There are 2 protein chains.
Amino acid sequence: MGHIAKGGRGRPRSEAVERSIVEGVLKLIEDGEPLAEISIERIARTAGVGKATIYRRWSGKEELLVDILRGVDDPPPELPGESMRGDIIVCLEHLRRRGVNMRSSALLHNVFAQMKSLPKLWEAYHATVIEPQRRVMREVLRRGMENGELRAGTDIALANDLFVGPMLVRTTLRSDDPLDEGLAEQIVDTVLAGLRPTG
Amino acid sequence: MGHIAKGGRGRPRSEAVERSIVEGVLKLIEDGEPLAEISIERIARTAGVGKATIYRRWSGKEELLVDILRGVDDPPPELPGESMRGDIIVCLEHLRRRGVNMRSSALLHNVFAQMKSLPKLWEAYHATVIEPQRRVMREVLRRGMENGELRAGTDIALANDLFVGPMLVRTTLRSDDPLDEGLAEQIVDTVLAGLRPTG
């Protein structure tokens, strides 16, 4: 959970406090509490801290939950920047790893399942996690078009969906489908080559 | 809502009864009742019928809700069968139309958002709606490989995700993305041709 306890800020025992808050939220979720019912007040009571202690660290429940969700992620990947193909594979591999991590955690799976019916949480997750990833992908594709790796005139938004769509379908919509190592590379190479017979 | 009132079965006023049951469910959902809280008993009370009347028509809450969800769909498409390309476009266009219909109904959007956290409902929807569609796609792809429209040796499951993934990402994960007419054709032709520069 690397991102969560960014810690420090000169306060003694700050990390311990943050950890107890995060653990309080996780306990409520594990106990089957619907996210919609979890208030900052309940979290504070469960963690044994005051509400102000939470609000000093997170602006609200959504930001706190998004931080917990980001904690399951590997850190955002460094792009090698040598080729569009290589950079897209790194981006898709990041999505694949998130899918693998999610599958191993019933708790986080449960949180994601509820998220779509909680518009404020979904928006916060979208703004903090998804939108930055999409910006990176668009930039990678734009550079690929410039250096001739991507067919001239390709619709960048469509190209993005052609690459990430097959991976997201498996990670988010179908929890039984394989997420084998090598899937990112397989998707990228097949989308680049096309499915029409050669020659 | 074509599929819902299949009607008849020799009972007088059967369609009217089914309609009042379906309307009872819709009313409960519109009133903001979480799906998890809606029981056959509540539906019966809201519709002004006995529980047995409901169980004569649907084996349980899940089947009733799936029937309502199917009601928003266009009927399953007839495949022209002239080419793999044409048949895949018809399948994707069906997904696109469902997405368009969903976006115009806050109520159905709400039901789908809740569905992922209700495993029994999700399973029933999967078995009744999604799995038959996937079978059709796999069959279309297999025929395409046989008649030489699809590159020999292509992984059928991967090919399926390459075609449906970009459409499903837009219809299910991103409610703001465009679902323009012609999108199905654009996806199919781009996946077939690939994104690598030609020549």
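Residues numbered from 1 in each chain as written. Chains lettered and ligands numbered in written order. Predicted model: local features only at pLDDT ≥ 70, side-chain atom pairs only at ≥ 80, totals over all residues. Heavy atoms only, no water.

Another point: the relation of the copies chain A and chain B. Note on the copies: chain A fits chain B at an RMSD of 0.0 Å, the axial shift is 0.0 Å, and the rotation between them is 180°. Classification of the inter-copy transformation places it as that of a two-fold axis. In terms of C-alpha distance to the rotation axis, chain A has G194 of chain A as its closest residue, with the C-alpha 1.7 Å off the axis. Looking at chain A, 100% of its interface residues are interface residues in chain B too, so the copies touch through the same face. (Least-squares fit on C-alpha atoms with pLDDT ≥ 70 in both. Contact = heavy atoms within 4.5 Å.)

In this complex, chain A contributes 42 residues to the contact, which on the side of chain B involves 42 residues. Between chain A and chain B, a total of about 3,700 Å² is buried, with carbon and sulfur atoms accounting for 58% of that surface. On the chain A side of the contact with chain B, R151, L173 and L195 of chain A bury the most area, a combined 20% of that side's loss. Across the chain A-chain B interface, the total number found is six salt bridges. The salt bridge involving D161 of chain A is made with R170 of chain B; its shortest N-O contact spans 2.6 Å. Our enumeration of links across chain A and chain B arrives at 20 residue pairs in polar contact (both at pLDDT 80 or more). Listed by contribution, the elements that provide at least two residues to the side of chain A that touches chain B are helix 6 (106–115), helix 7 (119–146), helix 8 (156–173) and helix 9 (183–193) of chain A. (Buried area = accessible area lost by both parts, 1.4 Å probe. Salt bridge = Lys/Arg side-chain N within 4 Å of Asp/Glu carboxyl O. Polar contact = N/O pair within 3.5 Å; in protein donor to acceptor, adjacent residues only side chain to side chain. Helix = DSSP H or I, 4+ residues; strand = E, 2+ residues; numbered from the N terminus.)

Moving on to the environment of T190 of chain B. Relative to the elements of secondary structure, T190 of chain B occurs in helix 9 (residues 183–193). T190 of chain B sits 27 residues away from F163 of chain B along the chain, and the two C-alpha atoms are 9.5 Å apart. When near neighbours in sequence (up to four residues on either side) are disregarded, T190 of chain B contacts L158 and L162 of chain A together with L195 of chain B. Among the polar contacts listed, one links the side chain of T190 of chain B to the backbone oxygen of Q186 of chain B, at a separation of 2.5 Å.

All names here are of chain A. Mean pLDDT over chain A: 88, with 93% of residues reaching 70 or higher. By mean pLDDT, the top-scoring element of chain A is helix 9 (98), and the lowest-scoring one is helix 6 (79). Low pLDDT (under 50) marks residues 1–10, which in the prediction has 25 contacts with non-local residues, meaning those over four places away or in another chain. (pLDDT = per-residue confidence, 0-100.)

Let's shift gears to the UniProt feature "domain: HTH tetR-type" (unreviewed entry) in chain A. Look at the UniProt record and you will see "domain: HTH tetR-type" (unreviewed entry) annotated at residues 15–76 of chain A. Annotated as residues 15–76 of chain A, this span is 68% helix and 0% strand, and its ends, taken at the C-alpha atoms, are 22 Å apart. (UniProt positions renumbered as here; feature names shortened; annotations may be inferred.)

As enumerated under the stated definition, the model contains 28 salt bridges over all chains in all. In this structure, D177 of chain A and R174 of chain A form a salt bridge, with 2.6 Å as the shortest nitrogen-oxygen distance. Here K27 of chain B and D31 of chain B are joined by a salt bridge, their closest N and O atoms 2.7 Å apart. Accessibility expressed as a relative area gives 43% for K27 of chain B, which makes it partly exposed. Each of R134 and D161 of chain A together with R170, R174 and D177 of chain B takes part in a single network of salt bridges with overlapping partners. (Buried < 20%, exposed > 50% of the residue type's maximum accessible area, 1.4 Å probe, protein only.)

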